[in-house]
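Given next are the chains, with one letter for each unit.
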Amino acid sequence: MTGKSEKSAEELLNNSVTSIDKNFDITWNSPAYPKCERSEREKNEKGLQSHEDTKDESVILFPGQGSQYVGMGKSLRNYPEVRHICDTASDFLGYDLLDLCSVGPHEKLNRTEYSQMAVFVLSYAAAELVKAEQPGVMKNCIATAGFSVGEITALVFAGAISFTEALGLVKIRALAMQEACDAAAGGMMTVFYGPDSRLGYACVCAKQWCEDRGIENPVCSVANYLFPHCKVIAGNVEALKFIKENASEFKLKRLKTLPVSGAFHTELMRPAVEPFKKALKSIRIQHPKIPVYSNVDGNVYRNPRHIAAQLPKQIYKPVKWEQILHALYSRSEGEMFPLTYECGPGTSLKSCLKMVNAKAGQFCSSIPV
């Protein structure tokens, strides 16, 4: 990170921080799809036996950056719960967040420092609205997870981080990631592939191609594991261009460049980690009231110390969303799936769930914002 970037992040710290489409791999230090079996003891500890009929159980999912759109928030304006949350955020930020979400402009809303905050606040507001309108959904919630910045929303929803402290945390995160984007030109690209595709080899070749042309320490790796045969890769723009131009050689079916200005969840985001760590150390983290799944390894956070250790890694490590979904919806034959609510803009998480587990996807609803 440049001296200028460090200064602005430090100033923000003193005054008070990504992406899925609307992943070279694939070596795991732990199993790719973590086993998710709730023992009777764990159920008792988490308070999951307050209802015997599993069809009443619910799971709350929160989207990440990339789900935002101009016009979101209009349907929530008339709800006092939402208005209070948005007013609190606007007072903290110094601008009318709901107005930015509702009328734009598009170019401003899509900038990382604005989009992450917008998605975080409106997603949390949508969950609070569900809590007010359908208290049973929250009472029977057995787990939550969020995609990228949505993971912070999930931690707030689970009571691990307060909403007001999370505002500062997301602001620092967004600013630091924007500065990392400005420091190194990167991008992201969704890749659809088949059993005979060579995505890992394509990333290796792309990095070698960049090195041969004088690019130092090039990056090209999986950034998001979305669903079977679909990943998002990210890295230097030159590396992504190489893969796109040679897609047939690697037997890649379809590629789509994402409208982002950085290589989120890759090594190019490393400069954003330290400012975020500093912000994280300044807040109080409590034990989540319900299980929260980590983007880093697809497992449930164990305690506040675990959250503090894992959350900074999430900035530069791939989002293992497919793995989280496998863990969340692992069920014995004949066992009912929980009702799932996607709280926040868009329906991308619902679409991913249907591709990972079609039966679980039948019980998923998106809460419009």
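Residues numbered from 1 in each chain as written. Predicted model: local features only at pLDDT ≥ 70, side-chain atom pairs only at ≥ 80, totals over all residues. Heavy atoms only, no water.

Going by what an unreviewed UniProt entry lists, the protein chain is known as [acyl-carrier-protein] S-malonyltransferase and is assigned to Gryllus longicercus. The protein chain has a UniProt comment under Subcellular location (unreviewed entry) that states "Mitochondrion". In UniProt, the protein chain has this text filed under Pathway (unreviewed entry): "Lipid metabolism; fatty acid biosynthesis." (UniProt positions renumbered as here; feature names shortened; annotations may be inferred.)

Asks: Help me get a handle on the packing of aromatic side chains, residues and values and all.
Replies: Applying the stated criterion across every chain yields a total of nine aromatic pairs. With a centroid separation of 5.5 Å and 70 degrees between ring planes, the pair formed by Y95 and Y114 is classed as edge-to-face. Placement of the pair is Y95 in the loop between α3 (80–93) and α4 (97–103) and Y114 in helix α6 (residues 112–133), with a sequence separation of 19 residues. Ring geometry for F242 versus F250: centroids 6.3 Å apart, planes at 55 degrees, classification tilted. Given a relative accessible area of 13%, F242 falls into the buried group. The lysine or arginine in question, K108, covers the ring of Y95, its NZ or CZ lying 5.9 Å from the ring centre. (Phe/Tyr/Trp six-rings, centres within 6.5 Å; stacked < 30°, edge-to-face > 60°. Helix = DSSP H or I, 4+ residues; strand = E, 2+ residues; numbered from the N terminus. Buried < 20%, exposed > 50% of the residue type's maximum accessible area, 1.4 Å probe, protein only. Lys NZ or Arg CZ within 6 Å of the ring centre and 35° of its normal.)

Asks: Go over the sheet that holds strand β7 (residues 339–343) with me, naming the residues and quoting the values.
Replies: What the four strands build is an open sheet, ordered β2-β1-β7-β8; its pairing is parallel. Of all strands in the sheet, those bounded by a partner on one side alone are β2 (141–146) and β8 (364–367). Taking each pair of neighbouring strands and ignoring which way they run, the sheet shows an average axis angle of 20 degrees. Set on the sheet, α6 makes contact with β1 (58–62), β7 and β8; between it and β7 the angle comes to about 135 degrees. Packed onto the sheet, helix α15 (residues 348–356) meets β1, β7 and β8 and runs at close to 145 degrees relative to β7. (Pairing = 2+ DSSP bridges. Axes fitted to C-alpha atoms, helices over the stretch in contact; angles between N-to-C directions. Contact = heavy atoms within 4.5 Å.)

Asks: Tell me what's going on with the nonpolar core, and back it up with residues and numbers.
Replies: Ranked by size, the top nonpolar core spans 100 residues in total, and within it F120 and W321 carry the most contacts. In terms of residues, this core owes the most to one element, α6, which gives 12 residues. Excluding residues that lie within four positions of it along the chain, W321 makes contacts with L61, A145, G146, F147, Y225, L226, N295, L349 and C352. Residues M189, C205, C220 and L255 belong to the second largest nonpolar core, which totals 19 residues. (Core = buried A, V, L, I, M, F, W, Y, C linked by side-chain atoms within 4.5 Å.)

Asks: Tell me about the packing of α6 against helix α8 (residues 150–157), and please be specific about residues and values.
Replies: Here α6 crosses α8 at 35 degrees, and the two axes come no closer than 9 Å. As for how α6 packs across α8, the hand of that crossing is right-handed. Within the contact between the two elements, α6 uses F120, S123, Y124 and A127 and α8 uses I152, T153, V156 and F157. The residue inventory of the contact of α6 with α8, partitioned by class, reads six nonpolar, two polar and no charged. (Left-handed = near helix turned anticlockwise from the far one by under 90°. Nonpolar A, V, L, I, M, F, W, Y, C, P; charged D, E, K, R; others polar.)

Asks: Break down unusual backbone geometry for me, citing the residues and quoting the values.
Replies: Here G104 and P105 are connected by a cis peptide whose omega angle stands at 15 degrees. Looking at where P105 falls in the secondary structure, it is placed in the loop between α4 and α5 (106–109). Positive phi is not limited to glycine here, since H229 has a value of about 65 degrees. Looking at the element boundaries, H229 is found in the loop between β4 (220–227) and β5 (230–236). For H265, which is not glycine, the phi torsion reads 60 degrees and is therefore positive.

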